[in-house]
Amino acid sequence: MMFGIGTKKARLHVNMFTNLLGEDRNGWGLSHKGLLWHGGVARNYTKRFKENQPTKIGLLFDGIAGTLTYYKDDVCLGIAFRGLNEIREPLYPIVCSTAAKTEMLLSETRRDFVNLQDRCRAIIIKHINTREKLDRLALPYFIKNYLAEAVTESSATVTPLELHLIDQYLY
């Protein structure tokens, strides 16, 4: 079994048992062997799924952050793929079988639409990603406070060039 996402160009059918998802640049997937596949390259990610035992797999695709995270039996395995927000075509969920006599059951799906306010905040935080940068903006308290909720204090410090750009374009 494989679970992941892909573009419209991802191949969906072949007359043999093979890892289709991630065989090229059009798919990102996790195989039942615990390997992540993309661009025809596999890398270790988790333990193999137990043979002849049900395994619950969850996927969390964050289109704004550009990440794909997997869950195995309700345990987060961490971010598997990054940079998916750079893909300029639609991405679709894909599940496929790579072996004979496999079964899968889709038990739950959910798609959250982020409101425009949250989408705008995500774009701003990509550029204004420290509290120091945020404090330099001439914004009303409530807007600055809303943005501050998304700022991580561990972000890099502001460079002199960034300070100049903030002064030039935001004031």
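The rules behind the values
- Within each chain, residues carry numbers counting from 1 in the order of the written sequence.
- Confidence filtering applies because this is a predicted model: local features only for residues at pLDDT of at least 70, side-chain atom pairs given and counted only at 80 or more, and all residues used for totals across whole chains, interfaces and linings.
- Side-chain measures were taken over the full set of non-hydrogen atoms in the model, leaving aside hydrogen atoms and water.
- Numbering goes from the N terminus for both helices and strands, where a helix is a DSSP run of H or I of at least four residues and a strand is a run of E of at least two.
- A 1.4 Å probe rolled over the protein chains alone gives each residue an accessible area, and that area as a share of the maximum for its type sets the label: buried under 20%, exposed over 50%, partly exposed in between.
- Surface accessibility in these figures is a Shrake-Rupley result with a 1.4 Å probe; residues are shielded only by whichever protein chains are displayed.
- Only Phe, Tyr and Trp rings are paired, with Trp represented by its six-membered ring, and only when their centres lie within 6.5 Å; those with planes under 30 degrees apart are stacked, over 60 edge-to-face, the remainder tilted.
- Distance and angle both matter: a charge sits over a ring if NZ of Lys or CZ of Arg is within 6 Å of the ring centre and within 35 degrees of the ring normal.
- Note on terminology: a nonpolar core comprises buried Ala, Val, Leu, Ile, Met, Phe, Trp, Tyr and Cys residues joined through side-chain atoms within 4.5 Å.
- Every residue pair with non-hydrogen atoms within 4.5 Å of one another is taken to be in contact.
- Only strands joined by at least two bridges in the DSSP assignment are considered to pair.
- Axis lines are fitted to C-alpha atoms, over the contacting stretch for helices. Their N-to-C directions set the angle, which ranges from 0 to 180 degrees.

Trainee: Can you help me understand the overall build of the protein chain in this one?
Mentor: Within the protein chain, the secondary structure is distributed over 4 helices and 8 strands. By the burial criterion, 32% of the 171 residues in the protein chain qualify as buried. For the protein chain, the accessible surface area stands at approximately 12100 Å², while carbon and sulfur atoms represent 55% of it.

Trainee: Hey, could you run me through the packing of aromatic side chains in this one?
Mentor: Any pair of aromatic rings gets described here by the distance separating the centres and the angle formed by the planes. One pass over the full model with this rule turns up 3 aromatic pairs. Considering the side-chain rings of Tyr-141 and Phe-142, the 5.3 Å spacing of their centres and the 75° angle between planes classify their relative orientation as edge-to-face. This pair shows no difference in class: Tyr-141 is exposed, exactly as Phe-142 is. Positioned over the ring face of Phe-81 is Arg-43, at 5.6 Å from the centre of the ring.

Trainee: I'm lost on unusual backbone geometry in this one. Help?
Mentor: Trans peptide bonds make up most of the peptide bonds, and negative phi angles are found at most residues other than glycine. Although it is not a glycine, Asp-73 sits at a positive phi angle of roughly 50°. Relative to the helices and strands, Asp-73 resides in the loop between β6 (67–72) and β7 (75–81). Of note, the phi angle at Asp-74 is positive, near 70°, even though the residue is not glycine.

Trainee: I'm lost on the nonpolar core in this one. Help?
Mentor: In summary, soluble globular proteins display a tendency toward joint burial of nonpolar side chains. Residues Leu-36, Tyr-70 and Phe-81 are the most contacted members of the largest nonpolar core, which totals 14 residues. Looking at this core, the elements with two or more residues in it are β1 (2–6), β2 (27–31), β6 and β7. For Phe-81, the contacting residues outside a window of four places in its chain are Trp-28, Gly-29, Leu-36, Trp-37, His-38, Arg-43, Gly-66, Thr-67, Leu-68 and Tyr-70.

Trainee: When you look at the pairing of strand β5 (residues 57–62) in this model, what are you seeing that I'm missing?
Mentor: Summarising the sheet, β5 and β6 pair through 6 bridges and their orientation is antiparallel. Residue pairing in the sheet places Leu-59 in a bridge with Tyr-70 of β6. From the end of β5 to the start of β6, which pair antiparallel, there are 4 residues, and Gly-66 there has a positive phi angle of about 75°.

Trainee: What am I meant to see in the sheet that holds β6 here?
Mentor: Two strands in a sheet stick together by hydrogen bonds in their backbones, pointing the same way (parallel) or opposite ways (antiparallel). With respect to topology, 3 strands assemble into an open sheet ordered β5-β6-β7, the strand pairing being antiparallel. Taken across any chain shown, the strands that pair with only one partner, and hence form the sheet edges, are β5 and β7. Strand-to-strand twist of the sheet, defined as the mean angle between neighbouring strand axes without regard to direction, takes the value 25°.

Trainee: Hey, could you run me through the sheet that holds β1 in this one?
Mentor: Across the sheet, which stays open at both edges, the 5 strands sit in the order β4-β3-β2-β1-β8 with antiparallel pairing between neighbours. In this open sheet, the two strands that pair with only one neighbour each are β4 (41–44) and β8 (92–96). Direction aside, neighbouring strands of the sheet carry axes that sit 20° apart on average. Inspection of the sheet shows strand β3 (residues 35–38) paired to β4 by 4 bridges, in the antiparallel sense. When the sheet's bridge partners are listed, Trp-37 is paired in β4 with Ala-42.

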